[in-house]
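One letter stands for each residue in the lines below.
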Amino acid sequence: MTGRPASRDTLTSAEEPVVFVVDDDASMREALSNLFRSVGLRVEVFGSAHEFLQSTLPNVASCLILDIRLPRLSGLDFQAELAKADIRIPIIFMTGHGDIPMTVRAMKAGAVDFLTKPFRDQDMLDAVTTAIERDRVSRDEARVLSGLHARFATLTPREREVMALVTAGRMNKQIAAEIGIAEITVKIHRGHIMRKMTAKSLPDLVRMAEMLGIGPAAGGPQT
Amino acid sequence: MLPMMRNQTLKSWRSAEQWLLGSMVLALAMAAFIWLVLGPAPAAPAYLTAVVLLIASLLASLIMMLRVGTTRRQMEAVLHGRARAEQHAIEALRYSEAQWKEVFEHNPVMYFMVDAAGTVLSVNTFGAAQLGYSVSELLGQSVLKVFPAEEQRAAQSNVAICLENIGQTHSWEIRKVRKDGSALWVRENAKAVRRVDNQLIVLIACEDITERKDAENALRQSEMYQAEAQRLSHTGSFGRRVGSGEIIWSEETFRIFGFDKAPSVQLAAVMQRIHPDDRARVQRTIDRASIDEKDFELGYRLLMPDGSVKHVHATAHTVADASSGIEFVGAVTDVTARKQAEVELHEAQTNLAHVTRVTALGEMAASIAHEVNQPLAAVVTNAAACLRWLDREPANLKEARGTLRSIINDGNRAGEVIQRVRALVNKTTDRKALHINEVVNEVMSLVHHELFSHRVALRLDLAPALPPVLADRIQLQQVILNLVVNGIEAMQQVKDRPRELVIRTLQDETSQVLVTVSDVGVGVAAENADRLFDAFFTTKSSGMGMGLSICRSIVDAHGGRLSASGNTGPGATFQFTLPLHREDST
């Protein structure tokens, strides 16, 4: 087993993705580990859901391969547990018995795929590729959003007020009248906002405002 | 009054006689006087003649008087006698009348005399007293007074009927009501007569039958309860009369046998209703019971006219004291529903046993499948990984070798699972020395119904005095049951020949115990012969294909051998051997 990265914050999306395997059967864990390593994928295996939850997860694109029949906590219950803990990781289920109700439940709860043992290796690899890609996209989105949040946090209360009005399409003069400051002061605030938010243009700033979900406090009609 | 008048007449008679006698004495004295005063006058013959005539007439009168007196006395005596007799008769009549009156008044029968309008003309004291009235309270009243409102119409019409048929006696039973409101049942005999004065009257004599009515009602009610109880319990009663051999049935017995109700039935008719297959047996039982005078009990079937079959159970008890005129009494119960329930229960049990077996087998199979599937999936995944290691540029032989080692381990693990299942099967057996014929008979009791419902005739050819075998009773039963059920199913399509299943036990040339089960069914197709005992091989639409496979593993585990062969005629024979049990080996 490979060593784990010490901190998740320092890692970026460019880092190597990792496949997590949770199966109570040791030979199955080993076989899966073997298969993923043979195609150059990083893999980490766990004997139980508990073991997986105890470990510190690296902040990289990843997916989880889960045997639906796990001792104590079943695969489906484990899936629910992860959702409750807000751990959004794509899950691929494996089962010895093609149980339709179970499949339906798993897929409804957001499973990426459902494979019956024994499965074709290519089916498993395809499912893993899809899952990791899905995770990479959602991680990228999350990272962009958290950057925005961080930058938005550096704005003063007055600047946030001005940014909401600017992105709502108000002219400097209107803004000045609305919040009772000089037009020149509005211009200075705008300059600070553009710099702090690293916005290249007004449309760029408007997109950022949309992602942050901010609007004018007193939402007047847009002209 | 009348005798007194007669006496007066007699007296007047007497005074007339005296008066006549007196006047005659006076006339004689007068003649004598004339004769003495005037002296004899012989010269006067006319005068003399007158005197003579006078004397003669006097004498004649005297004689007449005496005659009349005698006659009168005779007559008087006759009259007196007659009066005495009359007096006597009157007294006797009076006595008789008093006596009859006494009878009328106090005879314990209520007498009423009513007119055409129903007004009470006369009633005896007893009658009035019985109804709580005095005679005077009823006289002149409408007779309807003593009837309850709901019976008044009947009473009126009864009287009317009597009036229409004068002189004829009618009788009826009716309810009356006493003065205090209590009711009584009476039986009335009545007849209308025309009186001397031409008036139509109705004479009614009535007798209190309340007790009898109560007893009748009680009896009727008891009979009704009994009939109801018989109907509810589907049990009828019967008895046989001494001598005539007539059979008396209760209503329910008639219903059970489907005969119309009659006072009695003949045994021959009853026997006709009994199912032909049971008739001889029933006759034998009855004959034996009649000779031995013993109680008997038997179950048999009735074949009804509509072709349906009823199952009945009869018990009879001989009556020691034949003074009642009954030889024996018995009860017959319609147990068709119970039999039906038994059959259904048996079917349900068989189905349940089958389902349980299949379920248990299914669960075991699922569990085995899971156990084997795990290493199998690992093998497949490892093999795929191994190929990828080898396909690398350059091939990673170290990883490929490690992967192949894993594959060997996984393969061995799958083998171990199978070993464990085998061990499990052997561990649960409970082997004891037992007689194979007993086991066969036990199975037969289980499949009796199955054989019957599929119209399969069973022939048992069990060798006596076979040595015991060491085996698990339940497992052996399972094997035989499986072979028998297979045989029955194999003959399901057979229509052109009798379906026969033969089970034989014998000791073969190697002195092993041999059990064969032969049917005349579809037989075994040559291409299937060697696959018969494979797991999951089946020619049946509803089978799992585990039966013969399990049978073979059981027989194998017992150190025997199960094989199948086609018969020279139609059908197939399955046979298995079992080694003998040796005392020293236990």
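The coordinates are above.
Caption draft 1: Seen up close, the sheet that holds strand β2 (residues 120–123) of chain B. All names here are of chain B. With antiparallel pairing, five strands are arranged side by side in an open sheet as β2-β1-β5-β4-β3. Looking at strand neighbours, the two that pair on one side only are β2 and β3 (169–177), the edges of this open sheet. The average angle at which neighbouring strand axes cross in this sheet is 25 degrees, direction not considered. Looking at chain direction, strand β4 (residues 183–194) and strand β5 (residues 200–208) are connected through nine bridges and run antiparallel. Each bridged residue has a counterpart across the sheet, and for V193 the counterpart in β5 is I201. Contacts from helix α5 (residues 149–164) reach β1 (110–115), β3, β4 and β5, with the element oriented near 160 degrees to β3.

Caption draft 2: Inspection of the interface of chain A and chain B at higher detail. Between chain A and chain B, the residue contacts involve 14 residues of the former and 20 residues of the latter. Counting residues per element, the side of chain A that touches chain B draws most heavily on helix α1 (residues 26–38) of chain A, which supplies eight residues.

Caption draft 3: Representation of the nonpolar core within the structure. Core analysis: the biggest nonpolar cluster contains 46 residues, and C63, I65, L66, I92 and F93 of chain A have the highest contact counts within it. For this core, the element with the most residues is helix α10 (residues 336–391) of chain B, which contributes seven residues. Non-local contacts of I65 of chain A, meaning those with residues more than four positions away in its chain, are made with V19, F20, V21, L32, I92 and M94 of chain A. Within the second largest apolar cluster, 35 residues are counted, among which are I480, L483, V513 and L578 of chain B.

Caption draft 4: Here's a closer look at the environment of E399 of chain B. Residues and elements named next belong to chain B. By the secondary structure assignment, E399 is in helix α11 (residues 397–427). Assessed through the 18 C-beta atoms surrounding it within 10 Å, E399 is described here as partly exposed. Considering only alpha carbons, one finds E399 and A385, 14 residues apart in sequence, at a separation of 9.2 Å.

Caption draft 5: Summary view of helix α14 (residues 547–557) of chain B. All names here are of chain B. Of all the positions in α14, only G547, L548, C551, R552, I554 and V555 are classed as buried. Axial view of α14: buried residues confined to an arc of 165 degrees, hence all on one face. Where the residues of α14 are buried, they touch α13 (473–490), β16 (561–566) and β17 (572–578). Backbone geometry just downstream of α14 places G559 in the positive-phi region, at approximately 80 degrees.

What counts as what
- Residues numbered from 1 in each chain as written.
- Chains lettered and ligands numbered in written order.
- Predicted model: local features only at pLDDT ≥ 70, side-chain atom pairs only at ≥ 80, totals over all residues.
- Pairing = 2+ DSSP bridges.
- Helix = DSSP H or I, 4+ residues; strand = E, 2+ residues; numbered from the N terminus.
- Axes fitted to C-alpha atoms, helices over the stretch in contact; angles between N-to-C directions.
- Contact = placed C-beta atoms within 7 Å.
- Core = buried A, V, L, I, M, F, W, Y, C linked by C-beta atoms within 7 Å.
- Buried ≥ 20, exposed ≤ 12 C-beta atoms within 10 Å, placed from the backbone.
- Arc of directions from axis to C-beta.

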